[in-house]
There are 2 protein chains.
Amino acid sequence: MDKTKQPRVIVIAGPSGVGKGTVIKALKKLRTFRISVSHTTRNIRPGETEDISYHFVTREQFRGLVDEGVMLETTIYEGNYYGTSRTAVEDVLAQGQDVVLDIEVEGAKNVRRVYPDAIEFFLLPPSLAELEQRLRDRNSGEDEQTIQGRLARAREEIACAPEFDYIVVNGTVKQTAAVIDACIKTHFLRAKERAPLVDRLLDGETITL
Amino acid sequence: MDKTKQPRVIVIAGPSGVGKGTVIKALKKLRTFRISVSHTTRNIRPGETEDISYHFVTREQFRGLVDEGVMLETTIYEGNYYGTSRTAVEDVLAQGQDVVLDIEVEGAKNVRRVYPDAIEFFLLPPSLAELEQRLRDRNSGEDEQTIQGRLARAREEIACAPEFDYIVVNGTVKQTAAVIDACIKTHFLRAKERAPLVDRLLDGETITL
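If you're wondering where the values come from, they're calculated on a predicted model, not measured in any experiment.

**A look at helix 4 (residues 105-114) of chain A**
Residue and element names in this part refer to chain A.
Item 1. If you check which residues of helix 4 are buried, you get V105, G107, A108 and V111. Looking straight down helix 4, one finds its buried side chains confined to an arc of 145 degrees; they lie on one side.
Item 2. Packed against the buried residues of helix 4 are strand 1 (9-13), strand 5 (71-77), strand 7 (99-103), strand 8 (119-124) and helix 6 (144-158).

**Re the relation of the copies chain A and chain B**
Item 1. Superposition record for chain A on chain B: RMSD 0.0 Å, screw rotation 180 degrees, translation along axis 0.0 Å. Expressed as an axis order, the relation between the two copies is that of a two-fold axis.

**Overview of the sheet that holds strand 1 of chain A**
Residues and elements named next belong to chain A.
Item 1. In space, the 5 strands of this open sheet follow the order 2-7-1-8-9, with parallel pairing throughout. The sheet is open, and its two edges are formed by strand 2 (34-35) and strand 9 (166-169), each paired on a single side.
Item 2. Sheet analysis places strand 8 next to strand 9, joined by 4 bridges and oriented parallel. Directly across from L124, in strand 9, lies its bridge partner V169.

**So, the sheet that holds strand 6 (residues 80-85) of chain B**
All names here are of chain B.
Item 1. An order of 4-3-6-5 is seen for the 4 strands of this open sheet, with the pairing classed as mixed. A single partner strand is all that each edge strand has here, and the edge strands are strand 4 (55-56) and strand 5 (71-77).
Item 2. Two strands pair when backbone bridges link them, and strand 3 (residues 39-40) and strand 6 are joined in this way by 2 bridges, in the antiparallel orientation. Across the sheet, residue H39 finds its bridge partner in strand 6, namely G83.
Item 3. Helix 3 (residues 86-94) rests against strand 5 and strand 6 of the sheet, and its axis sits at about 30 degrees to strand 6.

**Notes on the interface of chain A and chain B**
Item 1. Taken together, the contacts link 34 residues of chain A with 34 residues of chain B.
Item 2. Between chain A and chain B, the buried area comes to about 3,000 Å², and carbon and sulfur atoms account for 73% of it.
Item 3. Linking chain A with chain B are 0 salt bridges.
Item 4. Along the contact surface separating chain A from chain B lie 11 residue pairs in polar contact (both at pLDDT 80 or more).

**Some points on the side chain of B:E104**
All names here are of chain B.
Item 1. On the secondary structure map, E104 appears in the loop between strand 7 (99-103) and helix 4 (105-114).
Item 2. One buried charged residue, E104, forms no salt bridge at all, with the nearest opposite charge on R153 at 4.1 Å.
Item 3. Apart from residues no more than four positions distant in its own chain, E104 is found in contact with K20, T75, Y77, R153 and E157.

Rules used in this analysis
Residues numbered from 1 in each chain as written. Chains lettered and ligands numbered in written order. Predicted model: local features only at pLDDT ≥ 70, side-chain atom pairs only at ≥ 80, totals over all residues. Heavy atoms only, no water. Buried < 20%, exposed > 50% of the residue type's maximum accessible area, 1.4 Å probe, protein only. Helix = DSSP H or I, 4+ residues; strand = E, 2+ residues; numbered from the N terminus. Arc of directions from axis to C-beta. Contact = heavy atoms within 4.5 Å. Least-squares fit on C-alpha atoms with pLDDT ≥ 70 in both. Pairing = 2+ DSSP bridges. Axes fitted to C-alpha atoms, helices over the stretch in contact; angles between N-to-C directions. Buried area = accessible area lost by both parts, 1.4 Å probe. Salt bridge = Lys/Arg side-chain N within 4 Å of Asp/Glu carboxyl O. Polar contact = N/O pair within 3.5 Å; in protein donor to acceptor, adjacent residues only side chain to side chain. Lys, Arg positive; Asp, Glu negative; His and termini not counted.

The structure is reproduced here in structure tokens:
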């Protein structure tokens, strides 16, 4: 079976405020995939939609899902739980579609264990100053300590970037999405993906790009 | 120092008859690089130019170069010696330009040892039947035994394809060149290439794609 035709898990990770959601929205215009909807215990924000932005659940419900073993990854951020259910991911893959996960760095590490052939991207901000500005703009009214906490965590997460497959600087959203799209296309040309193709050629089949 | 800015060795390998030379010519229209000129002991063919197609040398001269230790890789094909001098490659890199090597599979293995960060492509034919046809067209008048020998060698070489970085099926030359160009661009976004970028960001610098 040609691995290039198999649906894949695509991970988009990076520090809070780097713009993962916006980039994924721009990527939607370039390729077909589905976004895995995460569970969270945080409150719904203006502009968010239940079961589309997140599955909003109580802490008790969240713990129940973890106990049932259906969570692929979970993470705590600012005192709230976030998580991706394995069922949601598997359902999309079973339909033959790629599934994009918008997740935190810790979560990405767990996903890597379950899906070692996931294609993983880490988004970097153009600078730490820029990230700080984005965090302040997004969370206006937060106290200085919270902002500094987010920045400290961002630095720790950024240090994990080399564990991913690709590192992309999110300067211009449109360009970032185009670059991610190009990386996914060329990823399937990497030799480790193409051993089955070589076998088919040697078996006398005609193969294509 | 940003590794993306360092000139690189780009290897284009594949079985004889797969069209390496034609693809490299098409790649020239897409990006700037220089082609390393190989040494060979075989006779010059119609349409070839001394010191551009190859450095044509005698067996004694070739052995002398090997003894001097200047050959980066050597290989024997159909009773003739072929080789790339390390000096030629280093000269191009020192000028800040990428250098493309059009070499046999055995030679590519040697290059990998000297330049572990070379970007290596293996070109496959769309089918073995197509490769056979190309070999017959190119070497009209050769006896059946020679053709069969070339094909047997091609099969052995193709089995080594998974050792390379990327495997590209050379169906349409223009498309093959475009795909190689895209792979080189995205190669520099691979995490193992970008650790210095992450360090610079954490040091407070502004970085770009």
